Amino acid sequence: MQRSNLYILIYTIVLTVVCGVVLAVTKQLLAPAQKMQIELDRKKNILLTFMELKESDDPLKIYSSRVKEYVINFEGEKVEGNAGDINVEKQSKKPKKERLLPVYEISSINDSSKTEFYVIQTWGKGLWDVISSFVSVRSDGNTINGVVFNHKAETPGLGARIKDDPNVYKRYKGKTIFEGDQLVSVEMKKGEGKDYSDKPHEIDGMSGATLTGKGVNAMLLEYTECYQKFLLKRREMYKMAAH
Amino acid sequence: MSTDVLDLKEEKKSEALFSKKNRQLLSNPLDSDNPVTVQILGICSALAVTVQMKPAIYMAFGLTFVTAFSNLFISMIRNSIPSRIRIIVQLAVVSLWVILVDELLRAYAFDVSKQLSVFVGLIITNCIVMGRLEAYAMANKPWPSFLDGVGNGLGYSAILLILATVRELFGQGSIMKGTPLEVHPFEAMNLPFTGNGVLMMPAGACILIGLLIWAQRARNGYREEA
């Protein structure tokens, strides 16, 4: 049936308005729930860098009792701001020296005045899309305790193993970022199945996902550089306390 | 799969809404009129989301939901849609449903939403949805259209699950990884296992779909029309 142009015009407008209103209302109604989910996800990821979460655990409760958030600059000095509000993606586009960097300080479970880990946040590019991670560094400012990766579109079963395969991300545990006072970061090598247990800055690669591995290496190097001064200061503090 | 179809038929015999014709709307897409293997629609997402079973299952649910409700809605307003802009109207309705699904997942099933990421959005461009709207919902009443949507969604789901099972099992040696039902058959039987790399890639899925189409056509005696 052929309709008049006016009919088509009105039809289009009505359709657009109806769809628009439905979507806008939904978005408004769901916004608080969505924000909570994102927040919960971030906090869970931070916790997962240094502990296992059981079904029965309440991540929010553990988080509020053990995690102290703050923001630092490239010099490793604390600055004004809320770590949760820092958009790491936006910050990653600035020159390293101008970035604001979130730090999550984890207190010891037995003694809340003692710091056990510092969790830093990274952002980079994988093979297909962005990747990111939370890295927990022990109080010596040097030894990696655990890493939680996230990715948007790495190949399932290959590059996506950085997030899904504990055998991959657990390889970072115990590796060190500095050699003396020199920053070297930790590098994932090409190929899989070799033993790197005596190499403090290298880990076994992921077969079939060399490019994702390269992205991860670049990201970790970039961000250990950003956090370098902060971590070096923690090392000093740690050494002083040890003496 | 054939037993599933039988169950459906028996269960719904008592309801008048499910006449023989309507039941066929549900059952035909599972085999003789399958959207993927017979109509050759929705291939791209069948390659993309079938590396593991978990995302495949979510995608199957998502697509069935969207196809069913888009079909229903378009069929309800089919007489008012000006034919010159019908495609864009269909697209608007499909997008509306997809975005609603996406937003709901983000609010209440964040992990799932993270895993599906771009694929939910891609339902909008899934040929099955548009194909069914154009081929069926524009010319039929709401209820049969709804059933047609559900049927085609299920047909797509069946193919997705077959592909995902084979790919996950031989590519990674597991079944239902990332769910409470996760099993590792090779490990459990103490068999040596090396993942098949081709199956992990879309090319492997393409070959599998080809084999499926071949098997199905051989069984059903399909002949290409000249």
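Above this text you will find the structure in question.
Parameters and conventions
- Residues numbered from 1 in each chain as written.
- Chains lettered and ligands numbered in written order.
- Predicted model: local features only at pLDDT ≥ 70, side-chain atom pairs only at ≥ 80, totals over all residues.
- Heavy atoms only, no water.
- Helix = DSSP H or I, 4+ residues; strand = E, 2+ residues; numbered from the N terminus.
- Rg over C-alpha atoms; globule rule 2.2 N^0.38 Å.
- Buried < 20%, exposed > 50% of the residue type's maximum accessible area, 1.4 Å probe, protein only.
- Contact = heavy atoms within 4.5 Å.
- Areas by Shrake-Rupley, 256 points an atom, 1.4 Å probe, with all protein chains shown as cover.
- Pairing = 2+ DSSP bridges.
- Axes fitted to C-alpha atoms, helices over the stretch in contact; angles between N-to-C directions.
- Disulfide = S-S within 2.5 Å.
- Core = buried A, V, L, I, M, F, W, Y, C linked by side-chain atoms within 4.5 Å.
- Buried area = accessible area lost by both parts, 1.4 Å probe.
- Salt bridge = Lys/Arg side-chain N within 4 Å of Asp/Glu carboxyl O.
- Polar contact = N/O pair within 3.5 Å; in protein donor to acceptor, adjacent residues only side chain to side chain.
- Patch = residues over 30% accessible without salt bridge, like charges linked within 9 Å, V, L, I, M, F, W, Y side chains within 5 Å.
- 1 Å grid on protein atoms, 1.4 Å probe; cavity = no way out; pocket = protein on both sides within 12 Å on 5 of 7 lines; lining within 4 Å.
- Points joined across faces, edges and corners; volume = space filled by probe spheres on them.
- Nonpolar A, V, L, I, M, F, W, Y, C, P; charged D, E, K, R; others polar.

1. Considerations on the overall build of chain B
Piece 1. Looking only at helices and strands, one finds 12 helices and 0 strands in chain B.
Piece 2. The N-to-C order of helical and strand elements in chain B reads α-α-α-α-α-α-α-α-α-α-α-α.
Piece 3. Its C-alpha atoms give chain B a radius of gyration of 18 Å, within 12% of the compact-globule value 17 Å for 226 residues.
Piece 4. Within chain B, the fraction of its 226 residues that count as buried is 48%.
Piece 5. Sequence separation of at least 24 residues holds for 76% of the intrachain contacts in chain B that already meet a minimum separation of 6.
Piece 6. Surface accessibility of chain B: about 11100 Å² in total, with carbon and sulfur atoms responsible for 66%.

2. A short note on the sheet that holds strand E1 (residues 67-72) of chain A
Residue and element names in this part refer to chain A.
Piece 1. Taken together, 6 strands build an open sheet; the order of strands is E2-E1-E3-E4-E5-E6 and the sheet is antiparallel. Each edge of the open sheet carries a strand with a single partner, namely strand E2 (78-79) and strand E6 (144-151).
Piece 2. Of the strand pairs in this sheet, E1 and E2 are connected by 2 bridges, and their pairing is antiparallel. For Ile72, the partnering residue across the bridge sits in E2 and is Lys78.
Piece 3. The strands that helix H6 (residues 210-226) touches are strand E3 (101-107), strand E4 (115-125), strand E5 (130-138) and E6; relative to E4, the one it contacts most, it runs at about 125 degrees.

3. Details of the state of the cysteines
Residue and element names in this part refer to chain B.
Piece 1. Summed over the entire model, instances satisfying the criterion amount to 0 disulfides over all chains.
Piece 2. Cysteine Cys206 remains unbridged, with the sulfur of Cys44 as its closest cysteine sulfur at 11 Å.
Piece 3. Residue Cys206 is classed as partly exposed on the basis of its relative accessible area, which comes to 43%.

4. Some points on the nonpolar core
Piece 1. If you look at the biggest cluster of nonpolar residues, it comprises 48 residues, and the most contacted ones within it are Val66(B), Ile74(B) and Leu160(B).
Piece 2. Going through the elements one at a time, helix H1 (5-48) of chain A together with helix H3 (43-48), helix H4 (53-76), helix H5 (86-108), helix H6 (110-116), helix H8 (127-135), helix H9 (142-172) and helix H12 (202-220) of chain B are the ones with two or more residues in this core.
Piece 3. Sorting elements by how many residues they give to this core places H5(B) first, with 9 residues.
Piece 4. The contact partners of Ile74(B), leaving out residues within four places of it in the chain, are Ile81(B), Val89(B), Gln90(B), Val93(B), Leu133(B), Ala137(B) and Met138(B).
Piece 5. Residues Ala83(A), Val119(A), Val168(A) and Phe230(A) belong to the second largest nonpolar core, which totals 47 residues.

5. Some thoughts on the interface of chain B and chain A
Piece 1. If you look at the interface, chain B gives 25 residues, while chain A gives 28 residues.
Piece 2. With both sides pooled, the region where chain B packs onto chain A buries about 2400 Å², and carbon together with sulfur makes up 63% of that total.
Piece 3. A salt bridge links Lys27(A) to Glu103(B); its shortest N-O distance comes to 3.1 Å.
Piece 4. Applying the counting rule to chain B against chain A returns 8 residue pairs in polar contact (both at pLDDT 80 or more).
Piece 5. Residue assignment for the side of chain B that touches chain A shows that the elements contributing at least two residues are H5 and H6 of chain B.
Piece 6. Top contributing element to the side of chain B that touches chain A by residue count: H5(B), with 10 residues.

6. Looking at the pairing of E6(A)
Residues and elements named next belong to chain A.
Piece 1. Of all 8 residues making up E6, 8 are buried, and the element is well covered by its neighbours.
Piece 2. Pairing of E5 with E6, which is carried by 7 bridges, proceeds in the antiparallel orientation. Of the residues in E6, the one forming a bridge with Val137 is Ile144.
Piece 3. Connecting E5 to the next strand, E6, in antiparallel fashion are 5 residues, including Gly141 with a positive phi near 70 degrees.

7. Looking at a nonpolar patch on the surface
Piece 1. On the surface, a cluster of nonpolar side chains totalling about 990 Å² of accessible area is made up of Leu6(A), Leu9(A), Ile10(A), Ile13(A), Val14(A), Val17(A), Val18(A), Val21(A), Val22(A), Val25(A) and Leu29(A).
Piece 2. Here Val25(A) is to be found in helix H1.

8. A word on the layout of surface pockets
Piece 1. Considered as a void within the structure, the second largest pocket measures approximately 1200 Å³ in volume.
Piece 2. As for the second largest pocket, its lining consists of 33 residues, of which Ile38(A), Asp41(A), Trp123(A), Phe110(B) and Lys114(B) are closest to the centre.
Piece 3. For the lining of the second largest pocket, the secondary structure elements donating two or more residues are H1, helix H3 (88-91), E4, E5 and E6 of chain A together with H5 and H6 of chain B.
Piece 4. Tallying contributions element by element places H1(A) first for the lining of the second largest pocket, with 9 residues.
Piece 5. Among the residues making up the lining of the second largest pocket, the classes are represented as 10 nonpolar, 12 polar and 11 charged.

9. Things to note about the pattern of salt bridges
Residue and element names in this part refer to chain A.
Piece 1. Using the criterion set out here, one finds 21 salt bridges over all chains in the structure.
Piece 2. Residues Arg66 and Glu116 are paired through a salt bridge, measuring 3.1 Å at the closest nitrogen-oxygen approach. Taken together, the residues Arg66 in helix H2 (residues 59-66) and Glu116 in strand E4 connect sequence positions 50 residues apart.
Piece 3. According to the relative accessible area criterion, Arg66 is buried, its value standing at 11%.
Piece 4. The salt bridge involving Glu187 is made with Lys189; its shortest N-O contact spans 3.6 Å.
Piece 5. What makes Glu187 partly exposed here is its relative accessible area of 38%.
Piece 6. Given the relative accessible area of 26%, Lys189 is considered partly exposed.
Piece 7. Put simply, Glu39, Arg42, Lys43 and Glu69 are held in one network by salt bridges that share partners.

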